[in-house]
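# An overview of the molecular structure
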Amino acid sequence: MINLILLGLPGAGKGTVSERIVDKYHLTHISTGDMFREAMANKTKVGLEAKSYIDKGNLVPDEVTAKLVEERLNQPDIKEGFILDGFPRTTKQAELLDGILERVNKPLSNVISLDVNEQTLIERLSARFMCKNCGATYNKLTKMPKVEGTCDRCGGHEFYQREDDKPEVVKNRLEVNEKMNAPLKDFYEKKGLLTVIDGEQTPEKVFKDLDAVLSRD
Ligand code: AP5
Ligand code: MG
Ligand code: ZN
């Protein structure tokens, strides 16, 4: 069984490659960012709390995020394996996750870090736009919908830019995440679980490298 963590700074391509992994391996995709955006859209208690952090590009407190993940990992659909996209992102969260995985009895099989340099991240985030209806992700430079103005996935016609992709927020978001990134990679390197993949490559090549790691075990 594959229980995977995907590490990577904002815009590294975690969501993009997750879609391809899910197609091939039928894993359950757990993105804390997606879960928070859903909670914000539904104006739940967690959503309202998270919004004040997310809109500024700060991290939601570790305990709040870990609780959300623990609830998610207790759902029956993770039986066949899961991808954690965007969690953990601090060593504190990584420690909390160790406890959660022990309680749900799901050992990690791999931790993969998608490494991308800062200039590329800034370019990708400023060019990203999303379908308002289904959340599908596009990019003005590299991934336009096949039919102009129409979402490939749901046929929707309305698109938006994420609040945290605005230039003033991106700067802080990158700073905040960069600070946490090296210690987090060390944490999993020491456990012998970490593989680094060059996230500057095309989406096809990134998937190919990741697929090679997953089919190795
Ligand atoms: P989250 O939604 O997870 O944002 P993020 O980590 O900043 O990552 P992104 O979703 O922006 O990037 P991605 O790596 O998925 O890239 P994508 O595939 O879209 O979290 C949002 C916020 O929630 C956080 O800032 C924080 O406040 C809060 N939060 C979430 N988790 C938390 C946690 N654990 N603790 C505390 N707070 C938390 O790709 C980006 C763009 O590039 C797209 O346009 C895509 O088309 C394009 N692209 C992708 N791959 C390639 C490629 N190989 N080549 C060219 N273009 C590409
Ligand atoms: Mg994402
Ligand atoms: Zn759509």
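Residues numbered from 1 in each chain as written. Chains lettered and ligands numbered in written order. Predicted model: local features only at pLDDT ≥ 70, side-chain atom pairs only at ≥ 80, totals over all residues. Heavy atoms only, no water.

- The protein chain is annotated in an unreviewed UniProt entry as Adenylate kinase from Lactobacillus corticis.
- Annotation of the protein chain in UniProt includes, under Pathway (unreviewed entry), the sentence "Purine metabolism; AMP biosynthesis via salvage pathway; AMP from ADP: step 1/1."
- Check the Sequence similarities (unreviewed entry) section of the UniProt entry for the protein chain; it says "Belongs to the adenylate kinase family." (UniProt positions renumbered as here; feature names shortened; annotations may be inferred.)

### Re the coordination of the zinc ion (ligand 3)
- Distances from the zinc ion (ligand 3) to its protein donors, namely Cys-131 (SG), Cys-134 (SG), Cys-151 (SG) and Cys-154 (SG), fall within the range 2.3 to 2.4 Å.
- Geometry at the zinc ion (ligand 3) is tetrahedral, judged from its four donor atoms and the angles of 101 to 114 degrees they form at the metal.
- If you list the donors of the zinc ion (ligand 3) from N- to C-terminus, the spacing comes out as C-x2-C-x16-C-x2-C. Here Cys-151 lies in the loop between strand 6 (137-139) and strand 7 (159-160) and Cys-131 lies in strand 5 (residues 128-131), a separation of 20 residues in the sequence. Like Cys-131, the residue Cys-151 is buried in the burial classification. (Donors = N, O, S within 2.8 Å, 3.2 Å for Na, K, Ca; no water. Tetrahedral: all angles 85-135°; square planar, octahedral: opposite > 155°, others 65-115°. Helix = DSSP H or I, 4+ residues; strand = E, 2+ residues; numbered from the N terminus. Buried < 20%, exposed > 50% of the residue type's maximum accessible area, 1.4 Å probe, protein only.)

### What to know about the nonpolar core
- Counting 29 residues, the largest nonpolar core has Ile-5, Leu-73, Leu-84, Leu-97, Val-111 and Tyr-188 as its most contacted members.
- Taken together, the elements giving at least two residues each to this core come down to strand 1 (2-7), helix 2 (32-41), helix 3 (45-54), helix 4 (62-73), strand 3 (81-85), helix 5 (91-104) and helix 7 (167-190).
- Ignoring any residue separated from it by four or fewer positions in sequence, one finds Tyr-188 in contact with Ile-5, Leu-7, Pro-88, Ala-94, Leu-97, Leu-108, Val-111, Leu-193 and Leu-194.
- Listed in part, the 23 residues of the second largest apolar core include Leu-6, Leu-27, Val-116 and Leu-125. (Core = buried A, V, L, I, M, F, W, Y, C linked by side-chain atoms within 4.5 Å. Contact = heavy atoms within 4.5 Å.)

### What about the UniProt feature "binding site: Zn(2+)" (unreviewed entry) in the protein chain?
- UniProt records the feature "binding site: Zn(2+)" (unreviewed entry) at Cys-131, Cys-134, Cys-151 and Cys-154, using the numbering of this structure. The named residues occupy 24 residues along the chain; their greatest pairwise C-alpha distance, 8.6 Å, places them in one compact cluster.
- On the secondary structure map, Cys-134 appears in the loop between strand 5 and strand 6.
- Among the residues examined, Cys-134 registers a relative accessible area of 26% and is labelled partly exposed.
- Setting aside its immediate chain neighbours within four residues, Cys-134 contacts Cys-151, Arg-153 and Cys-154.
- With relative accessibility at 3%, the residue Cys-151 sits in the buried group.
- If we skip the residues at most four places from it in the chain, Cys-151 touches Cys-131, Cys-134, Ala-136, Tyr-138, Gly-156 and Phe-159.

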